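Residue-level listing of the chains:
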Amino acid sequence: VDQLMTLALDCIYTCESSDQLTHAFAILECLPQRGFGHETEKTARLHDDVDKLEAHLSAAEVLKKHGVLKPVFNIRDTQDDKDCARKLFVQLTKQVANKKQPLSKVECQEVLRDILDLQKKVYHCLDASLCYEILAESLLTCGCEENILLARDIMICDAEEERQAVAAPSAQGITPKVSHEQTVALVLKAGQEYFNSASKSRDVSLDLARKCFQLIDNVPTTIQQEMDLLSAVQLLDDFHVDILPLQVRLCEDRLTLISKILESHSDSYKQSGKLLELGDLLMIHARSREERTGKILTLAAEAALKKEDYAHTCKMCLQLKSLGYAPAWQVCQQLATDNNFKDYRARMDLLSFSLTHCQPDHISSLLRVRNQITLQNMVYNTEDLSQTVQERPGSQEWMDAIQQCLQQRTKLLGGEDAPITSAPIQYQKVQPFYATVVPTTEENKQEVSSSFYTAPERAATKEPEWRLLRCIIMFHMANLPVKEHVDLEAPLDLAVTSAQDDIAVMLAHLLTTPEVGTAEKCLKRLPQSAITLQLAAYYYAVSIFTRLQPAITSNTVNPCYLYPPRWLIKAVLKVNSQLCSSEDIRLHVERVAEWVGLLQDFTQVSMLKNLGKGVDVSRFLSDEDYKRETILGLAMTTDLSVLEAAVSMATQYRIPVWEVHMAYLEFIFTDSQLPVKAIEEKLKETDTLAVLSSSPDEMAQQMEDSIYPSLAGTEHAALLYYYQVMAASGTSLEPSGLKPSVHVTLLRKIKTSAPGLDYKQLFAGSEDPLDVLRNVLSSSNVHVLAKLANKIPAKDGGFLESSEVYRTFLLAFFWNEEALNSDLLQDKEECMERFSACSEFLPRLTPSDIVTFTDNIIFHSQAPVKMQVDSRIAIVRDVLDHTSKSVSKQKDSKKQDSTTLTEVTAWLEKALQHLQTLTDDVIIGLRDSSESRERSYAMVYDLSKGQADKIRALVVRMSIDGTPLDTVDQVLQLAGIQGFTVDHAAKQALREILNHVREGGTAYQDSTSQLVTFLRNVHDCAQSGKDIVSVKELLPLVHDFCADMSVSSDKQLNVVKLVQQHLDVAVEDQQMLLFCHTNAMATQNWGLQIQREDMADDTARQSLYLTLLGKSSSVEQFQALIAMLCMWPTLPSSSASDPEDNSWIQLLSARIRCCSQGDQLDADLGQDVSSLVSTLDSTGQLLNTECTEHLMELLVGVGRTAVAAKVALLSPYAQLYPGAVALLTKSYAQDEGTVDKEALDLLLSRHLAAQVAETPLYRALHDHVLEHSAPDTVWETSQQLAAAGYSAEAGSLMAASQMSHPTLRVLDTALHYVQKLWK
């Protein structure tokens, strides 16, 4: 035993081959188990070695399973070598991960179990965690996205997950996985390898790197930096920068990448956001985000400036300024000093920034440029100067241009008459220094500054008048000449601009103006307010006094300035303009009065503004329409004081008070949201109704137009009061055709009896009033509403009747929601009980309403489904009983109705008769059918009420849909329709089907199938012996269809074929169908319409044939003509012996000549000729020898030798067969070894195998016999060959047919079969 185990161990470990595992396992199986025989110490050691061997063999098997072949001794020698073991595991995992197909989750788990099993049984030198790391690394670096995602299952991708697993281990312990720290390291390594190996920015390796990085949750800094680098490469590609990803990683100064973008892409500076994002991703100046942003924006600004894109340059310079990036002062200075950049404010801001951060030696030049730009901006628009002047600021030419622009600006400001759009002046504004001296003033806080003498910045930057004044001062200070006109006009413009800041200053400027007309324009430009209107009046009052009593010396003050402005204005108003000493003084007095009048208007309007109604005062004073609308708008209030104010203002401004009260009435009804009681109380507190009643018809019309549309139809209280107000006015109008008092009566009763009724809809006329009433009718209010019916207008004119109301209620009661949505009425007792409740109201119905009521009960659309036929019959009988009892009382009835009870009785009896037919087996069979179409027939019949037109339409529809005609006949017999039979229904059905075929479209296929079904039904009916449909009477419809020129010929041909196929017609009718068929074919192929006489006899048909033959020039036409000759009775010329006179030969000759020349290729010629010859043979119209030979010559003449041979073989003339064999042999040689299978079958059928034995054609015949023929055919052919002396060929054919091996097909074998053949 010991020797056996030692030998086995030595054999297996000595073997250097890795493909002997099977034998090794076989040897292992032969070794004895422990406990077998006498066991020594050596035997125990050998058993231990065998156990190790078994582990080594298992390891080799696992390695082989995954494509790693290792001999057993190698596994034994390396099991304790950690480096070799690691390399082996890496080789195994990479072999698995690098397969073409990605691993599944199950396969991945299987690989993990295998390597853990190897580690546990053999490679104890490796830690189990290292096995996870090796597999994870191989999956991450395999280059397969699916495998990368599988690595997540064996790694801890979230640090929190690891902490939770350590803090709260499961009962089975912590699941072994790659630690989070090692996971980050593996992912980082794999991602960097993919990134560095990428050959372009769109390389798939970058996507794999991103997949690796995305495995980590709660991304650490190192991973985030790598993902940023990936995004940076993508952005560089967006900017069309061609650079390797590895070059981006190795780039030391990554700011050069930004410069490269700006240089290579002309418009890249416009995408500053992307550039900044790229800078963040590349971590340019990672320690200072401000430095990074500043450098990138500076580069972008310089690039934009080179492109002369001043807008983008300015935008980025302002960003640099707000960032406080000092090195950007140079690009800001370049932009600010560029005269092509027109934004003055931006230039000044950028110059200030440059002055702050520039070098000391640049301060002087920057200040000089700033002053020139300031003066230039204040005086002129740069477009007013020539390009040369703009380029040389500070020159003498530039100074002259400035002076000219200054004069133009003065003229422009002095002649401007547009009103000032600033807010009205409510208080007199003064400097804060005078605020305590002048009462009722407002401080001008806009001009408050740290220095009392500092001028407000607003005046220097926004208002051109102040700029003008400042320019004048600057010119004076520079000793530059200024025109006198400029000095005179400037104060006038300043008067307007200073109005918002200081009224006293404005008045001073106005008083320095010698021309009163110019001052008038300035005053009118001011927004109107109490201050400005008093100022205008005071200005003219002062002007009058200064003219009447000028100051004696320049040191004295005119006494008029010492009086209060109000006293001075009143004094002027007391002066009689007729007594004025001069025209100028008189005009001044009139202007004072005019401005005082405007002040009074303004005061009145101010009162409105105090009410908070948003009145535009200026527009109120100048716009009469706005004034009227404003006063009427004020009347739309619930505040009586505001209403009184509106009435007062209407009186003052001559607006009719009636309109004010009407506006108040409209508002109080429509928009006040007050309850009716409150509206009534409000109107009692005012005299609105009394004022409006002065024009009652106008008031009523206005109420109808403005108030009525806003009232809801269900607000009965509001409508009641609405009509009470209208009735109280005494109007003669009749809204909705009724007097207001009648509406009041109706509403009082409806309000209590039918609160949900839409009263307005009842009178709207758009809907039937009965439909409106149906929703609210109940047993408690039906009597009330019936009494009011004669006051409710009907939809078609006149008024409703109480009977109509009762009828509407009864129908709503019987067919309520419960009855429609359940099977309640299927119970006859429940149904009759419900009708019994309705029958109590029958005496209140007129005869016509009785008919309508009964009709809507028994013939309701849901009646066939929801009610039993017995119940419906019982209802009709109950109504009949009622009418029979009421006939005697009809004479005493006072109700007027066009329908008599006798007519009602007749209608009920007819309805009863119809309902009784519903119990017939035919209708029951249709109603209980499993087909929905037949159930629909029963429904239509049920609801037809026995009316003849509906029954006719039904049976026609049934006939069209394919219902058997005997069933249609039963329905007609059951309905008892006089003068209409199944024959009529069939003709109408066929007519409609043909109309559908005629119309075509998408329904053409359905119409064709309907026609086929219909014709089959007609045929079946005729076959059954029932003479209910006449086929002869249907055929004229087909003839008319075929005679219709608007129908395409293919549709006509199809219809004729279907009729011929499915109907058995008489001889004369067959002639008619033959004509229709021929006409359709002639129309379709030749565009000819033939007449009946063209088909009258053989002579006419022969003439028609020759005509069509002469017009034929295409394959389709010749094929159609052949079909015609086959369809027609045999023509005498068809059996002519002379080829020139034979119609078949004429036709085929013409086709061969026309369709086998030039570019035409008659591909169907051979098949058509063969089929025709076969057909003629089967129909007894066999071609004679001369005709057959002539046809062969024609075919050979156009190169159709194979077809000619087939024609000869199809004929019974044996003398033509040798020539046919020769032609086939020739065709076989010309067509490179191909031959028609049909021709080979003909050779066999004519026993011509021996004739082709010595020709090249024999090989094709030999193969054809073996492949396609029956054993009898093989036997017969072999006999023919043997009888003709071709023993070798006959034996070879027999040997081949017996499936003998090719090596046995020798001459001896063939002769053996021949001998057997003759036994």
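S.K.: Teacher, can you tell me more about the nonpolar core here?
M.R.: Soluble globular proteins tend to pack their nonpolar side chains together in the buried interior. Within the largest apolar cluster, 222 residues are counted, with the highest numbers of intra-cluster contacts made by L665, F814 and I875. L665 has contacts with L683, T688, L689, L692, M699, M703 and I707, leaving out every residue within four places of it along the chain. One finds M155, L188, A301 and V331 within the second-largest nonpolar core, a separate group that totals 119 residues.

S.K.: Would you explain helix α15 (residues 272-282) in this entry?
M.R.: Since the α-helix advances by 3.6 residues per turn, residues separated by three or four positions end up pointing in the same direction. Listed as buried for α15 are S272, L275, L278, G279, L281 and L282. The inward-facing, buried residues of α15 contact α12 (221-238), α13 (245-250), α14 (255-264), α16 (289-306) and α17 (310-323). Just beyond α15, the residue with positive phi is M283, at close to 60 degrees.

S.K.: Is there a simple way to explain the packing of aromatic side chains in this structure?
M.R.: Remark: the centre distance and the inter-plane angle together describe each pair of aromatic rings, the angle taken between the planes. Summed over all chains, the structure comprises 14 aromatic pairs. Here the aromatic rings of F814 and W815 are separated by 5.4 Å at their centres, their planes lie at 75 degrees, and the arrangement is edge-to-face. Comparing F814 with W815, the two get one shared label, buried. Through successive ring pairs, a cluster of aromatic residues spans F669, Y708, Y721, Y722 and Y723. One cation-aromatic arrangement involves R76 over Y13; the distance from NZ or CZ to the ring centre is 4.3 Å. Note that R834 overlies the ring of F813, its terminal NZ or CZ placed 5.8 Å from the centroid.

S.K.: Just to check I follow, could you spell out helix α51 (residues 932-943) for this structure?
M.R.: Over its 12 residues, α51 runs 16 Å from end to end, which matches the ideal 16 Å to within 8%, given 1.5 Å per residue. Listing the buried residues of α51 in full gives Y937, A938, Y941 and D942. The buried residues of α51 all sit within an arc of 135 degrees when viewed along its axis, so they share a single face. Buried residues in α51 make contact with α47 (863-866), α48 (869-886), α49 (901-917), α50 (921-927), α52 (948-961) and α53 (965-975). Directly beyond the C-terminal end of α51, a positive phi value near 60 degrees is found at K945.

S.K.: What should I look at first to understand the side chain of D114 in this one?
M.R.: Inspection of the secondary structure assignment puts D114 in helix α6 (residues 105-121). At 2.7 Å, the side chain of D114 forms a polar contact with the side chain of H66. With residues up to four places along the chain from it excluded, the contact list for D114 reads V62, K65 and H66.

Calculation notes
Residues numbered from 1 in each chain as written. Predicted model: local features only at pLDDT ≥ 70, side-chain atom pairs only at ≥ 80, totals over all residues. Heavy atoms only, no water. Core = buried A, V, L, I, M, F, W, Y, C linked by side-chain atoms within 4.5 Å. Buried < 20%, exposed > 50% of the residue type's maximum accessible area, 1.4 Å probe, protein only. Contact = heavy atoms within 4.5 Å. Helix = DSSP H or I, 4+ residues; strand = E, 2+ residues; numbered from the N terminus. Phe/Tyr/Trp six-rings, centres within 6.5 Å; stacked < 30°, edge-to-face > 60°. Lys NZ or Arg CZ within 6 Å of the ring centre and 35° of its normal. Expected span 1.5 Å × (residues − 1). Arc of directions from axis to C-beta. Polar contact = N/O pair within 3.5 Å; in protein donor to acceptor, adjacent residues only side chain to side chain.

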